[in-house]
Amino acid sequence: MMRDAADHKALLEAPRQTFRSLARRRFLRHRLALVGAVIVAAIVLMAVFAPWLAPHDPNHVNIMLAREGPSSGHFLGSDLVGRDVLSRLIYGSRVSLSVGLLAVGVYMAIGLILGCVAGYFGGWVDMMVSRMVDAVLSFPTLMLILVIVGLLGPSLFNIILVLGFLGWPEVARIVRGQTLAVREELYVLSSEAAGAPSSRILLKDILPNIMSPVIVNATFGVARAILIEAGLSFLGMGVQPPTASWGNMLNDAQSLSILETMPWMWVPPGLMIFIATISINFVGDGLRDALDPKLN
Amino acid sequence: MSDPVEDKKPVLSLRGLTTVFKTDLGAVKAVDSLDLDLPTGATLGIVGESGCGKSTVGLSIMKLIPEPPGRIASGEIIFEGEDLTKLSNRQMRSIRGKKISIIFQEPMTSLNPVLRIGETLSEVIRTHQRVSRKLAWEKSIDALDKVRIPSPHIRINDYPHEMSGGMRQRVMIALAICCEPSLIIADEPTTALDVTIQAQILSLLRGIKQALGTSIILITHNLGVIAENTEKVAVMYAGRLVEYADTAALFDSPLHPYTQGLVLTVPRLGARKEKQSRLNVIPGLVPNLLNLGPGCHFADRCTCVMDRCRRLKPDVHICDEKHLVRCWRYA
């Protein structure tokens, strides 16, 4: 009895190793992920505080300054119509991040709801959702994006919408598979046996237990959405000038003379796209390792 | 000898309960026209080998048979005068956890790993009772206290992985009793636990039965557990009830050859001195439920098999008032 009491006291005073604290520690051990997270945080801060950070008005046209190289007044030089490249770069992060986050937000919401419902209820609901997934996945995505953006008119909002409505099938598929697995867990049966309605089983028992792969997928999704937006803007089907985006800054570099002689116009936005996506992907890698329950 | 338990109306009566599972090779009757009574306030043990349908009985009563492939094909489940087979899903939900609870075999995986113990408990309480979050939390602490978890106000914040198997099974019992049900189905509640914890959990169940007046169905393959914890016992074989009696009567004079065999397989201390150096076994294997003959399912393993055992299905015969047996020898 004495020993029991002592054991019990020790148990209560021991530091708690929750899944979250374990995951946090594993993430922090992942060097690249940590570096990625720091860079992503910096980009987020840059986007939020753009008006204070940018040395000039990003849209201020000054023909007298056109095509000037880097100088003390304009660290990264100026573009074809004399706008400050550094300021446009800083404001461009807002476009990239909002496309990334909002598009992923839209398709996560759709994918989570459809995937959960399909996996949990099965039957004809599952049938419908799965066929819809197949249908959307068999469209040639880039062409579809170009067509829809062409029809709706290129704008930030439309890009977010299109990416949102084309991205959900992959999420729905992951969520459905995970739900099928978790549905068989004994704690789901326990909840049913305790009289819990389906809505609560989905929200409390299933959703929290399938989130790990979904969060990882979302992270990679943000990077991919940023790349697609950059590609579209480069093709002129994305964010329209004068709004600055990393993609449409590259658009200016379509001529050979600029490519050869004025690297300050296209190297910085290209580099930013690269750094942003690779950092986010590192974070995704780190999360995947940290959240993998098999490594517990 | 008057039996106080017997005078009361049964809390649960099964009449011709048949649960069928569809497989690629054909339909399997996991439970075959089962008749069973559970007197109010009693503990009924259901014993049998793996696959004899005893767990399916528990899930059928809760109407939790996964459908498809399973289905309650026919029969009645009369609980407190109401036939559960006729209730809608919504009506069933208000019975599950509130009037009938079930405790599963695997405490390690029966709790949602992302919720604190208190959250799981409060959820169940708030499903069946209109109480505030705070009150539900306090009731949860009470429930943990009732299952004798030390420092319940601290342990209530634990996640399941911070608890041992025995503790988790206590939490499962707390979940089962928190709405004070009239029937608890304990489906092999101690199989996954080591022996000392087993004894604690079983004595806890006995205490709860006395304190709350709950009736219990104890499903197990362990005859020792049956002998110590039940008043009534039902023996199942290949989906059918083969014997039903008061526990003492069953152990004193088992009637069915299968039950006789079972009772002999229990190892006893000192058995060696009685010139019985080897443990008895029942020869043969449980028959494949997919191709059962027309007669008694135990015929192939039975030591006193007769010709008609293989041809005709034996009926349930009543011997000594309350002792039921399904065997041609008593016809």
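Residues numbered from 1 in each chain as written. Chains lettered and ligands numbered in written order. Predicted model: local features only at pLDDT ≥ 70, side-chain atom pairs only at ≥ 80, totals over all residues.

> Please give an account of the overall build of chain A that cites residues and values.
Counting its secondary structure elements, chain A contains 13 helices and zero strands. Listed by position from the N terminus, the elements making up chain A come as α-α-α-α-α-α-α-α-α-α-α-α-α. In terms of C-alpha radius of gyration, chain A reaches 24 Å, well past the compact-globule figure of 19 Å for 296 residues. For the C-alpha atoms alone, the extent of chain A along its principal axes is close to 85 × 55 × 25 Å. Burial statistics for chain A: of 296 residues in total, 41% are counted as buried. In chain A, the share of contacts with a sequence separation of at least 24, taken over all contacts with a separation of at least 6, comes to 69%. (Helix = DSSP H or I, 4+ residues; strand = E, 2+ residues; numbered from the N terminus. Rg over C-alpha atoms; globule rule 2.2 N^0.38 Å. Buried ≥ 20, exposed ≤ 12 C-beta atoms within 10 Å, placed from the backbone. Contact = placed C-beta atoms within 7 Å.)

> Quick rundown of the overall build of chain B? Include the residues and the values.
Within chain B, the regular secondary structure consists of twelve helices and twelve strands. The C-alpha radius of gyration computed for chain B amounts to 21 Å, which stays within 12% of the reference 20 Å derived for 331 residues, consistent with globular compactness. Once the C-alpha set of chain B is aligned to its principal axes, its extents read approximately 65 × 50 × 45 Å. The burial tally for chain B puts 44% of its 331 residues in the buried class.

> How would you sum up unusual backbone geometry? Please name residues and give values.
All names here are of chain B. Unusually for a residue other than glycine, serine 33 sits at a positive phi of about 30 degrees. In this structure, serine 33 sits in strand β2 (residues 26–39). Overall, serine 33 belongs to the partly exposed group, with 18 C-beta atoms counted inside 10 Å. Unusually for a residue other than glycine, glutamate 188 sits at a positive phi of about 50 degrees. Here glutamate 188 falls in the partly exposed class, since 19 other C-beta atoms lie within 10 Å of it.

> Tell me about the pairing of strand β3 (residues 43–47) of chain B, residues and numbers included.
Residues and elements named next belong to chain B. Counting buried residues in β3 gives five out of five residues, a clear majority hidden from the surface. Burial along β3 is two-sided: Thr43, Gly45 and Val47 and Leu44 and Ile46, pointing in opposite directions, are all buried. The sheet contact formed by β3 and strand β9 (residues 232–237) spans four bridges and is parallel. Paired with leucine 44 across the bridge in β9 is lysine 232. (Pairing = 2+ DSSP bridges.)

> A description of the sheet that holds strand β11 (residues 316–319) of chain B should follow, citing residues and the corresponding values.
Residues and elements named next belong to chain B. Strand order in the open sheet formed by eight strands is β6-β7-β8-β3-β9-β10-β12-β11, with mixed pairing between adjacent strands. The open sheet terminates on both sides in strands that have one partner only, identified here as β6 (100–103) and β11. Ignoring strand direction, the axes of neighbouring strands in this sheet form an average angle of 20 degrees. Two elements, strand β10 (residues 240–246) and strand β12 (residues 323–326), share two bridges in a ladder whose sense is antiparallel. What sits directly across from tyrosine 244, in β12, is leucine 324. (Axes fitted to C-alpha atoms, helices over the stretch in contact; angles between N-to-C directions.)

> Kindly report on the sheet that holds strand β4 (residues 70–79) of chain B, identifying the contributing residues and their values.
Residues and elements named next belong to chain B. Taken in spatial order, the four strands line up as β2-β1-β4-β5 in an open sheet, and their pairing is antiparallel. Edge positions in the open sheet fall to β2 and β5 (82–83), since each of these has one partner strand only. As paired strands, strand β1 (residues 10–23) and β4 are joined by eight bridges and run antiparallel to one another. Bridging across to β4, leucine 12 finds its partner in phenylalanine 79.

> Account for the nonpolar core, naming residues and giving values.
Core analysis: the biggest nonpolar cluster contains 160 residues, and Ala174, Leu175, Cys178, Ile185, Ala186, Ile217 and Ala234 of chain B have the highest contact counts within it. If sequence neighbours within four positions are ignored, cysteine 178 of chain B has contacts with Leu121, Val124, Ile125, Lys139, Ser140 and Ala143 of chain B. (Core = buried A, V, L, I, M, F, W, Y, C linked by C-beta atoms within 7 Å.)

> Can you break down helix α5 (residues 133–146) of chain B residue by residue, with the values?
Residues and elements named next belong to chain B. For α5, with 14 residues, the first-to-last C-alpha span of 20 Å sits near the 20 Å given by 1.5 Å per residue. Listed as buried for α5 are Ala136, Ser140, Ala143 and Leu144. Down the axis of α5, the buried set is contained in an arc of 95 degrees. They therefore lie on one face. Taken together, the buried residues of α5 touch α4 (117–128), α6 (152–155) and α7 (165–177). Following α5 by one or two positions, arginine 148 adopts a phi angle in the positive range, close to 60 degrees. (Expected span 1.5 Å × (residues − 1). Arc of directions from axis to C-beta.)

> Could you give an account of the interface of chain B and chain A, with specific residues and numbers?
Contact residues are listed per partner, giving 25 residues for chain B and 19 residues for chain A. Contributing elements (two or more residues each) for the side of chain B that touches chain A: α3 (89–95) and α4 of chain B. When residues in the side of chain B that touches chain A are grouped by element, the largest group, four residues, is from α4 of chain B. When grouped by side-chain class, the residues that make up the side of chain B that touches chain A number twelve nonpolar, eight polar and five charged. (Nonpolar A, V, L, I, M, F, W, Y, C, P; charged D, E, K, R; others polar.)

> Break down the environment of aspartate 84 of chain A for me, with residues and values.
Inspection of the secondary structure puts aspartate 84 of chain A in the loop between α4 (50–53) and α5 (85–121). When residues no more than four places from it in sequence are discounted, the contact partners of aspartate 84 of chain A are Pro55, His56, Pro58, His74 and Ser78 of chain A.

> Which residues make up helix α8 (residues 156–183) of chain A, and what values go with them?
Across its 28 residues, α8 of chain A extends 39 Å between first and last C-alpha, which sits within 8% of the 40 Å expected from 1.5 Å per residue. The largest bend along α8 of chain A measures about 35 degrees and falls at tryptophan 168 of chain A, with the proline proline 169 of chain A one to four residues further on. (Bend = angle between axes of the 7 residues up to and from the residue.)

> Could you give an account of the packing of α7 of chain B against helix α8 (residues 195–212) of chain B, naming the residues involved and the relevant values?
Residues and elements named next belong to chain B. Packing of α7 against α8 brings their axes to within 10 Å, and their N-to-C directions diverge by 15 degrees. Taken together, the axes of α7 and α8 are roughly parallel relative to one another. Like other packed secondary-structure pairs, α7 and α8 cross with a definite hand, here right-handed. The segment α7 lies against α8, with Gly166, Gln169, Ile173 and Ile177 engaging Ile197, Gln200, Ile201, Leu204, Ile208 and Leu212. (Parallel < 35°, antiparallel > 145°, perpendicular 65-115°, else oblique. Left-handed = near helix turned anticlockwise from the far one by under 90°.)

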